[in-house]
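Overview (structure and organization)
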Amino acid sequence: MYDSYNDYTYLDRVFEPSKRLALVKDEIKPRLYNRGWREVTLCSPVGTNGKNPMVDVFYEMPDEPFAVVYAHAIVRSWMETPCVIFPNEAIVGITRPRYPLMEHFREGLIIREGSFKEGNYPQSEIDRTEALLPRIHPSFEHKVPLARLDEIGCARYDRVGEEGVFGASPYGHTIPNYETLLQNGLDGMLNKIDYWANINDKTDKTAEFYESARVIVRGMSDYLMMYSNKANELYLTEEDPTQKQYYKEISENCAYVAHNKPKTLYQAIQLMWCLSLWDWVDCLGRVDQYLYPFYEYSIKNGDVISVEDSITSLMYKIWENGAHNTTVSGCLPQNGEDATNDLSYLFLQVLRSIHDTHPRMVVRVGENMPERLMDLVTTIWSDGMSDPTLVSDTLVIPALQRIEVPLEDARDYATLGCQEIEIPGKSNTGCEDGSFNLGKVFQIAMRGGMSEDRDDVRVGPETKTFIECETFEEFFDSFKTQLEFFTELFCCQCSRSQEMRAAWYSKLVKGVFTTGCLERGLNHDDGGPIYGYGVAETGGLAAVADSMTAIKKLVFDEKLISKQELLDALKANYKGYEKIRLMLLNSAPKFGNDNDEADQMAQRVLDLFWSELNKYRSVRGGLYTGACSLLSGGISQAQHCGAMPNGRFQGDPFGNTMGPQPGADTNGLTAMLSSVSKLPLNKGVGGSTLNVILTQKMLETPEQRKNIGAIMRNYMATGGQMAQITTASLDDLLDARVHPERHGDLIVRVGGYSAQFVLEDAEVQDEIIKRYMN
């Protein structure tokens, strides 16, 4: 299948970029922002120079419709950002500086208070910007009523938020339809806009939407021409013949894709990078699939630069600017056959050569995945990398069908954000709509619906307290009642947050390039995309399941601990009750050890919540589904929770994925994978990942890597959904706490993203180390 030119499957050497791209790599390193800044794409190499372009537009257009002014403001912010073309690079375009007013796909237009100080703006400009607040956040009426408002009142709603039961605030990652852009080009996109504008109802709202879309697309063409002109200026003055040729190529490439649909890989990548920039370098989808036709064209017909240089250029842009996710491999939508191709390997090889926290990449694992691809994945891990993550076609595709996604689109899924899942270019799934704290619900259930912090404040419905329950099933029924109550409130609040984003056009750029929006004449957050299922991040599962197992076994069944003794121990955070805590830790089985008693309890708790979620629909139209990729949310959620009957102290972190409580799995890797694969992960297809520790020592030899690859493939085939890897050893982590200067390249997985261990907060470092304490 592979000849000497494009055999990217090799394992025995690290990919070496061309001399040109090696220079680009060396030039990127000193200007790299840390992971946090790249994560939020605030990593521009230029400053604002005192400009406030979006504010200027709103004052220049006082009477135009909001979305139209908003679109012009976005365009102005890009056109006033200086053109920067770094030496030797082939793909061009930089992120914007931190202007005081900017848009973001999470919540629309945002006033960035810190930018005023950074840019040394006068008070008059601050006042001028803040005076726009009523305009940039237009008022609207909620169509979704507050659930149970007459029953519980506003005060209890407020108290639920204070208790930390859930947070309902959609983040908003989505993947634009890069394939549509590349197949049509920007002028073709304008034709699509006009076509659908002529078909759909001529209302003020649709007219506003279509005109804003035209403004965005024309602006992107102007932006590419601006770079073409800048490259031509540099060409005319450059004396070095090699760099002079580079400028000529850039100028011609940008001018071509400003109006024409691309033919070559170099053209396609420049056009897609332009959209990615304007989309906050968010998520790129199945890059090996939609770029493959252009790769084939360039292989057959030649190109200005090599295909390796084109892909490497894109990966270096992602590396520097922090795209959230890319996906490779999987299956073909039309027939389900394996979709692995040359680019699948090439992207992974370039990822391996960069060896950093970015780019973040996911490999889809199906039953027909080539063994050679898994060999490459395990080899990358053996280098000390935490990417790529794995995701299972075997589980995800039918799980998506459960929430009303047709088979062909389900086969085309991609990952985005911090390991969420959606149908690229056709979706708005909240990603995620919010996060739900099972641990807090458990503790409220222990108190019969009363606040954990205040004895006189009711937050949930009245149920039997733990002390009043005569059997375990009575207590579980109380938990179930509380869970049902808070799930309804949570879904309601998520939909109301979504209404706000619709009114504020938070995804104005995404909507132009998302299937369904132009066809329906609706903006991205107002029902435009085809798929709008809801996603709830789920925290505290293992802590709750292990607590349930402990009280069933030790309190109700064996009566080794009285209910009052347990309550007293929890209230004291186990101070003075060390023997009870040790009994809870050691005499009750824990999820993650392939113990049926513990695993069945985890199944029961998770199935209860995710089945309840599935009864509700998002205001976007789709059913709710579960997810678990909490970043550091397992730490923040746990801070709302007191001591628990699994032996956990107050404030000790929950896990941040679907795995066991940190340190609770003591029977090894395969036992832990077996436990997790028993969970109903098909009901949590929003993206439910798992932290897996595979130290480099476990991956030293080809035989070891083959064995690990087989273990991970088996997990993906027998109920696992996602797996994210940490290859650091415990000794390395402990030494890094003492000597951080020695471990700048120590990469770990947090809960959806890779990070340099030494740059994480102490509490995050503690949570990672606890995973090894078994």
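Calculation rules
Residues numbered from 1 in each chain as written. Predicted model: local features only at pLDDT ≥ 70, side-chain atom pairs only at ≥ 80, totals over all residues. Heavy atoms only, no water. Helix = DSSP H or I, 4+ residues; strand = E, 2+ residues; numbered from the N terminus. Rg over C-alpha atoms; globule rule 2.2 N^0.38 Å. Buried < 20%, exposed > 50% of the residue type's maximum accessible area, 1.4 Å probe, protein only. Areas by Shrake-Rupley, 256 points an atom, 1.4 Å probe, with all protein chains shown as cover. Lys, Arg positive; Asp, Glu negative; His and termini not counted. Charge placed at Lys NZ, Arg CZ, Asp CG, Glu CD. Salt bridge = Lys/Arg side-chain N within 4 Å of Asp/Glu carboxyl O. Phe/Tyr/Trp six-rings, centres within 6.5 Å; stacked < 30°, edge-to-face > 60°. Lys NZ or Arg CZ within 6 Å of the ring centre and 35° of its normal. Pairing = 2+ DSSP bridges. Axes fitted to C-alpha atoms, helices over the stretch in contact; angles between N-to-C directions. Expected span 1.5 Å × (residues − 1). Core = buried A, V, L, I, M, F, W, Y, C linked by side-chain atoms within 4.5 Å. Contact = heavy atoms within 4.5 Å. Arc of directions from axis to C-beta. pLDDT = per-residue confidence, 0-100. Polar contact = N/O pair within 3.5 Å; in protein donor to acceptor, adjacent residues only side chain to side chain. Disulfide = S-S within 2.5 Å. Right-handed = clockwise from strand over helix to strand, strands pointing away. Parallel < 35°, antiparallel > 145°, perpendicular 65-115°, else oblique. Left-handed = near helix turned anticlockwise from the far one by under 90°. Nonpolar A, V, L, I, M, F, W, Y, C, P; charged D, E, K, R; others polar.

On a plain count of helices and strands, the protein comes out with 32 helices and 16 strands. Here the protein has a C-alpha radius of gyration of 26 Å; the compact-globule value for 774 residues is 28 Å, and the two agree. Over its C-alpha atoms, taken along the principal directions, the protein stretches across nearly 85 × 65 × 50 Å. Counting the 774 residues in the protein, one finds 64% classified as buried. When the accessible surface of the protein is totalled, it reaches about 27400 Å², and 49% of it is carbon and sulfur. Separation between the mean location of the 77 positive side-chain charges and that of the 109 negative ones in the protein comes to 1 Å.

This part covers unusual backbone geometry. Put simply, His358 and Pro359 share a cis peptide bond, and its omega is -5°. With respect to the element layout, Pro359 can be found in the loop between helix 16 (342-354) and strand 6 (361-365). Cis geometry marks the peptide bond from Cys431 to Glu432, where omega comes out at -10°. With respect to the helices, strands and loops of the structure, Glu432 is situated in the loop between strand 9 (420-422) and strand 10 (434-437). You will see that Trp280, though not glycine, has its phi angle at about 65°, which is positive. At Val281, a position not held by glycine, the phi torsion is positive, near 45°.

Okay, the pattern of salt bridges next. Considering all chains together, one arrives at 46 salt bridges under this definition. The partner of Asp412 in a salt bridge is Arg286, and the shortest N-O contact between them spans 2.8 Å. With a gap of 126 residues between them, Asp412 in the loop between helix 19 (407-410) and strand 8 (414-416) and Arg286 in strand 4 (residues 283-286) connect regions that are remote in the sequence. Look at Asp412 and you get buried, because its relative accessible area is 18%.

Bringing the packing of aromatic side chains into the picture now. Using the criterion set out here, one finds 26 aromatic pairs in the structure. Ring geometry for Phe466 versus Phe475: centroids 5.6 Å apart, planes at 80°, classification edge-to-face. Residue class for Phe466 comes out buried when judged on its relative accessible area of 0%. What makes Phe475 buried here is its relative accessible area of 0%. Centre to centre, the rings of Phe472 and Phe556 are 6.4 Å apart; their planes meet at 65°, and the pair counts as edge-to-face. Highlighted residues: Phe472 in helix 21 (residues 472-503) and Phe556 in helix 24 (residues 541-557), separated in sequence by 84 residues. Side by side, Phe472 and Phe556 carry an identical accessibility label, which is buried. Cluster of aromatic residues (ring-pair linked, three or more members): Phe442, Phe466, Phe472, Phe475, Phe476, Phe479 and Phe556. Over the ring of Phe476 we find Arg604; its NZ or CZ atom is 3.8 Å from the centre of that ring.

All right, on to the sheet that holds strand 14 (residues 722-726) then. Either a parallel or an antiparallel arrangement is found when strands of a sheet pair, and the pairing is made through backbone hydrogen bonds. In spatial order, the strands read 4-5-6-7-14-13; together these 6 strands make up an open sheet with mixed pairing. This sheet does not close on itself; its edge strands, each paired only once, are strand 4 and strand 13 (691-693). Across this sheet, the average inter-strand angle for adjacent strands is 25°, counted without regard to direction. Sheet analysis places strand 7 (residues 389-392) next to strand 14, joined by 2 bridges and oriented antiparallel. Of the residues in strand 14, the one forming a bridge with Leu390 is Ala723.

With that settled, consider helix 12 (residues 265-278). Structurally, the α-helix is built with 3.6 residues per turn, so residues lying three or four positions apart point the same way. For helix 12, with 14 residues, the first-to-last C-alpha span of 20 Å sits near the 20 Å given by 1.5 Å per residue. For helix 12, a buried count of 14 out of 14 residues is recorded, marking the element as mostly surrounded by other parts of the structure.

What follows deals with the nonpolar core. Counting 230 residues, the largest nonpolar core has Trp278, Leu291, Leu400 and Phe479 as the members making the most contacts within it. When near neighbours in sequence (up to four residues on either side) are disregarded, Phe479 contacts Leu438, Val441, Phe442, Ala445, Val544, Met548, Val605 and Leu608. Counting 16 residues, the second-largest nonpolar core is a separate cluster that includes Ala736, Tyr753, Ala755 and Phe757.

Glancing now at the side chain of Glu499. The residue Glu499 is located in helix 21 in this model. An unpaired buried charge is present at Glu499: no salt bridge exists, and Arg496, the closest side chain of opposite charge, is 5.2 Å distant.

This part takes up the sheet that holds strand 11 (residues 534-539). Spatially, the 4 strands line up as an open sheet ordered 3-10-11-12, and their pairing is mixed. Both outer strands of the open sheet, strand 3 (166-168) and strand 12 (624-627), are each paired with one neighbouring strand and no more. For this sheet, the mean angle separating the axes of adjacent strands, direction not counted, is 30°. Two strands pair when backbone bridges link them, and strand 10 and strand 11 are joined in this way by 4 bridges, in the parallel orientation.

Take helix 25 (residues 563-571) next. Within helix 25, burial applies to Lys563, Leu566, Ala569 and Leu570. Down the axis, helix 25 shows its buried residues gathered within 130° of arc, on one side only. Where helix 25 terminates, the next one or two residues include Asn573, which has phi positive at roughly 55°.

Here the focus is the confidence of the model for the protein. In the predicted model, the protein carries a mean pLDDT of 93, and the fraction of residues at 70 or more is 99%. Overall, residues 1-5 carries pLDDT values under 50, and its contacts beyond four positions in sequence, including any with other chains, amount to 11 contacts.

If you trace the backbone, Gln349 turns up in helix 16. Side-chain polar atoms of Gln349 contact the backbone oxygen of Tyr10, separated by 2.5 Å. Sequence-distant contacts of Gln349, defined by excluding residues within four places in its chain, comprise Tyr8, Thr9, Tyr10, Arg13, Phe15 and Leu376.

Turning our eyes to something else, we now look at the state of the cysteines. Tallied over the full model, the rule gives 0 disulfides. Here Cys492 stays free of any disulfide, with the sulfur of Cys491 as its closest cysteine sulfur at 8.9 Å.

A word on the pairing of strand 6. Looking down a regular strand, the side chains alternate between one sheet face and the other. Within strand 6, 5 of the 5 residues are buried, which leaves it mostly tucked inside the rest of the structure. Here strand 6 shows two buried faces, one formed by Met361, Val363 and Val365 and the other by Val362 and Arg364. Each parallel crossover has a hand, and the one from strand 5 (residues 325-329) via helix 16 to strand 6 is right-handed. Sheet analysis places strand 6 next to strand 7, joined by 4 bridges and oriented parallel.

Along the chain, Asn682 turns up in the loop between helix 29 (669-677) and strand 13. Residues Asn682 and Thr625 lie 57 residues apart in sequence; the distance between their C-alpha atoms is 9.2 Å. Setting aside chain neighbours within four positions, we find Asn682 in contact with Leu395, Ala399 and Arg402.

So, about the packing of helix 24 against helix 27 (residues 596-613). Helix-helix packing: each pair is described by the crossing angle between the helix axes and the interaxial distance. Viewed as axis vectors pointing N to C, helix 24 and helix 27 meet at an angle of 120°, and their least axial separation amounts to 9 Å. One way to sum up the angle between helix 24 and helix 27 is to call them oblique. Taken as a pair, helix 24 and helix 27 cross one another with a handedness that is right-handed. Side by side, helix 24 and helix 27 meet where Leu541, Val544, Ala545, Met548, Thr549, Lys552 and Lys553 of the first sit next to Glu597, Ala598, Met601, Ala602, Val605 and Leu606 of the second. A breakdown of the residues in the contact of helix 24 with helix 27 according to their chemical character gives 9 nonpolar, 1 polar and 3 charged.

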